[in-house]
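So you can see what is in the structure, the chains are spelled out below.
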Amino acid sequence: MSTESKAGELHRTLNWKGAFWVAAGVPPLVLFSIGGIAGVAGQAAFVVWILSMIMGFSQSFTYAEMAGMFGNKSGGTSVYGATAWLRYSKLIAPLSVWCNWFAWSPVLSLGCAIAAGYILNSLFPIPAADSAAVVQWVAAHLAEYTATTQSVVDYIAANAGTAPTDAITAVATADGVAALTPAFRVWEAYALNIPGLGVLHFNSTFVIGAVLMLIMLAIQHRGIAATASAQKVLAVIVLVPLLLVGLIPILTGEINTMNVTGIVPPTASYSGVNGDWSVGGWTLFLGGMYIAAWSTYGFETAVCYTSELKDPKRDTFKAIFFSGLLCIVFFFLIPFSFQGVLGLGGMLAPGIVDGTGVGAALGAMLGSNPVFIQIFVILMILALFLAIMTAMAGSSRTLYQGSRDGWLPKYLSKTNAHGAPTGAMWTDFAFNLILLALASDVGGYFYVLAISNVGYIMFNFLNLNAGWIHRIDSGHMERPWKAPSWLIGVNTLLAFVNALFLGAGAKVWGYENALWSGLVFAALIIPVFWFRHYVQDKGHFPKEAMEDLGLSDHGDLGPRKAGMLPYLTLVAGAGVVLWANWFFQLPA
């Protein structure tokens, strides 16, 4: 295993602590969907986070073993696991890498959309209906409205039983809020409706989000060592106060036990009313487990940087293990304290669901002082930057290694003088500009999240099964750290539990076709791989990719010692997904 950096390759400038700090952007991911999961899981929301984190930590031991086997590769565990499937299908290997990439990459657009919302709220706020400015506007214009004004007539028609005077006041107040809202806040240059995908909004959120992404890109152009240094500073600033938010309510007795007992799902998504454990209730719970996995499993990104580690044999296990422990602390504490203090009603507030009110809510948990609230709003923006940096670093290296291994187009393996994968980074940026336009409203935000997670669950299914396939087919390869065999078996079972989440949970998020949309996007790897493998490489994989497996580059992928088992696994996994999609239905 070579530990020297060559021209055109990533640079070995990192130790396990650096990889740990790069992965420290995972804990803030809890803030991306804490309101959404409360909406679909109800009183059981914090249990969803805890169970999902336990699963993610268990699964990471399979990933840690595979990461140690490939000290010359970057791109994360999807790359290491994909090599196990290569002997059985040339297509399954790149599918795993592709699914992992399009699951992680949207953190850029989703994070920037929320951060843009915070910036808009700070610089271009929408005035409150009871603010002095709105009250003055209403007083000055109230005489312009009568019971026959069309907007008043429409209001009464939509709100039967409303007295004309009340309708006039309501309409005037709404018009006052609209008149005093800064123009940039509601500015939109263009809205493009794409059938089967959604509406792309090129608005103020898009503009600010695009600028933020460019800033992240500029930082990461300096290489992984500079990225790790920036992440360390951000992590300390963000995670220490976030830890206090999780601990202080517990230590001071501010947790309302009524908010964390009676563990049942709601009657319907966002109803806020306790339901029961019927099929509909289980569907909502599994929908929560489905989306939580996108955040809680994410610390596997700690092994995205194996080929940039100075001592990959020693550092890969440490990086993922300690990153997992960090995530356990935050994914256990934050959802529990958040729910214990705010209650289900507070967690379903619009600002919590869309993410733009989470910072203020965190500050309010430490007291009513406006200074605390403003500090946490700023910290929330920094937390988003932390998560975005982690996602950009990991997803770009997945594209880079996919290119090096002959699965994705060649230009993606281009690096700059600092060893940063610039071809992959610019591709990430371009892809996320489209997603940012789609996620620039609340509906599009969860649509992007639901579809991207189809890829993430598929990747985890393939990768957890890659653990035992590698044991059979690549038993001769050195494993600096080896997981207990019983744990490999447990994690194989968890692969099918994830398949259950996929089949049952994707439909929960308001898009009944999210599963099928995600599968269609996953299938896009077929033309991409066909172009690289059969057009650019004439049907052969790069020599270095084969050497990593101890194989030749002449089309011999080695014996399939596992026989039919990998194929049967794929059939069984598809069966679980289809059965779960049929059996689990949303509450009537």
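Computed from a predicted structure; not experimentally measured.

Draft legend 1. Representation of the side chain of Asn-491. Residue placement: Asn-491 occurs in helix H19 (residues 485-505). In this structure Asn-491 comes out as buried when scored by relative accessible area, which is 0%.

Draft legend 2. Fine view of empty space enclosed by the protein. A complete count under the given rule lists three cavities of 30 Å³ or more for this structure. Considering only enclosed or pocket space, the largest cavity measures out at about 60 Å³ in volume. Considering the residues around the largest cavity, the lining is formed by Leu-31, Val-238, Pro-241, Leu-242, Leu-362, Phe-376, Leu-379, Met-380 and Ala-383. Sorting the residues of the lining of the largest cavity by element identifies helix H11 (224-251) and helix H16 (370-404) as the ones contributing at least two each. Looking at the lining of the largest cavity residue by residue, the class counts come to nine nonpolar, no polar and no charged.

Draft legend 3. Spotlight on the nonpolar core. One finds Phe-32 and Trp-407 to be the most contacted residues of the largest nonpolar core, which totals 180 residues. Looking at this core, the element that brings in the most residues is helix H18 (residues 442-473), giving 18 residues. Setting aside anything within four residues of it in sequence, one finds Trp-407 in contact with Val-79, Ala-82, Thr-83, Leu-86, Ala-93, Pro-94, Val-97, Gly-402, Val-528, Phe-529, Arg-532 and Phe-541. Membership of the second largest hydrophobic core comes to ten residues, among which are Trp-137, Val-138, Tyr-145 and Ile-168.

Draft legend 4. Quick peek at the environment of Lys-17. Considering the arrangement of structural elements, one finds Lys-17 in helix H1 (residues 16-22). On a C-alpha basis, the gap between Lys-17 and Ser-323 in space is 9.5 Å, while along the polypeptide they are 306 residues apart.

Draft legend 5. Spatial organisation of unusual backbone geometry. A positive phi angle, close to 65°, is found at Tyr-270, a residue other than glycine. Residue position: Tyr-270 is located in the loop between H11 and helix H12 (279-296). Taking relative accessible area as the criterion, Tyr-270 reaches 34% and is therefore assigned partly exposed. A positive phi angle, near 55°, is found at Lys-538, a position not held by glycine. On the secondary structure map, Lys-538 appears in the loop between helix H21 (525-536) and helix H22 (543-548). For Lys-538, a relative accessible area of 62% translates into the label exposed.

Draft legend 6. The packing of helix H2 (residues 30-41) against H12, seen in detail. Two numbers describe how H2 lies on H12: the axes approach to 9 Å, and their chain directions differ by 175°. Taken as axis vectors, H2 and H12 run roughly antiparallel relative to one another. Here Val-30, Phe-32, Ser-33, Ile-37 and Val-40 of H2 come into contact with H12, specifically with Leu-284, Phe-285, Gly-287, Gly-288, Ile-291, Ala-292, Trp-294 and Ser-295. Residues of the contact of H2 with H12, tallied by class, amount to nine nonpolar, four polar and no charged.

Draft legend 7. Fine view of the packing of helix H10 (residues 204-220) against helix H17 (residues 422-438). Remark: H10 packs on H17, axes separated minimally by 10 Å, with the N-to-C direction vectors making an angle of 165°. As far as their axial angle goes, H17 and H10 are roughly antiparallel. At the point where H10 passes H17, the crossing takes the right-handed sense. Of the residues in H17, those touching H10 at Phe-206, Gly-209, Ala-210, Met-213, Leu-214, Leu-217 and Gln-220 are Met-425, Trp-426, Phe-429, Asn-432, Leu-433, Leu-436 and Ala-437. Classifying every residue of the contact of H10 with H17 by side-chain character gives eleven nonpolar, three polar and no charged.

Draft legend 8. Up close: H17. Taking 1.5 Å as the rise per residue, H17 with 17 residues should run 24 Å; its terminal C-alpha atoms sit 25 Å apart, in good agreement. The buried fraction of H17 is high, at 13 of 17 residues.

Draft legend 9. Summary view of the pattern of salt bridges. Tallying each qualifying case throughout the model produces five salt bridges. Among the ionic pairs, Asp-315 bridges to Arg-314, the shortest N-O distance being 3.5 Å. A salt bridge links Asp-537 to Lys-410, with the shortest nitrogen-to-oxygen separation between them at 3.7 Å. With Asp-537 in the loop between H21 and H22 and Lys-410 in the loop between H16 and H17, the pair connects residues that are 127 residues apart, well separated along the chain. Each member of the salt-bridge network shares a partner with another, and the members are Glu-65, Arg-471 and Arg-479.

Parameters and conventions
- Residues numbered from 1 in each chain as written.
- Predicted model: local features only at pLDDT ≥ 70, side-chain atom pairs only at ≥ 80, totals over all residues.
- Heavy atoms only, no water.
- Helix = DSSP H or I, 4+ residues; strand = E, 2+ residues; numbered from the N terminus.
- Buried < 20%, exposed > 50% of the residue type's maximum accessible area, 1.4 Å probe, protein only.
- 1 Å grid on protein atoms, 1.4 Å probe; cavity = no way out; pocket = protein on both sides within 12 Å on 5 of 7 lines; lining within 4 Å.
- Points joined across faces, edges and corners; volume = space filled by probe spheres on them.
- Nonpolar A, V, L, I, M, F, W, Y, C, P; charged D, E, K, R; others polar.
- Core = buried A, V, L, I, M, F, W, Y, C linked by side-chain atoms within 4.5 Å.
- Contact = heavy atoms within 4.5 Å.
- Axes fitted to C-alpha atoms, helices over the stretch in contact; angles between N-to-C directions.
- Parallel < 35°, antiparallel > 145°, perpendicular 65-115°, else oblique.
- Left-handed = near helix turned anticlockwise from the far one by under 90°.
- Expected span 1.5 Å × (residues − 1).
- Salt bridge = Lys/Arg side-chain N within 4 Å of Asp/Glu carboxyl O.

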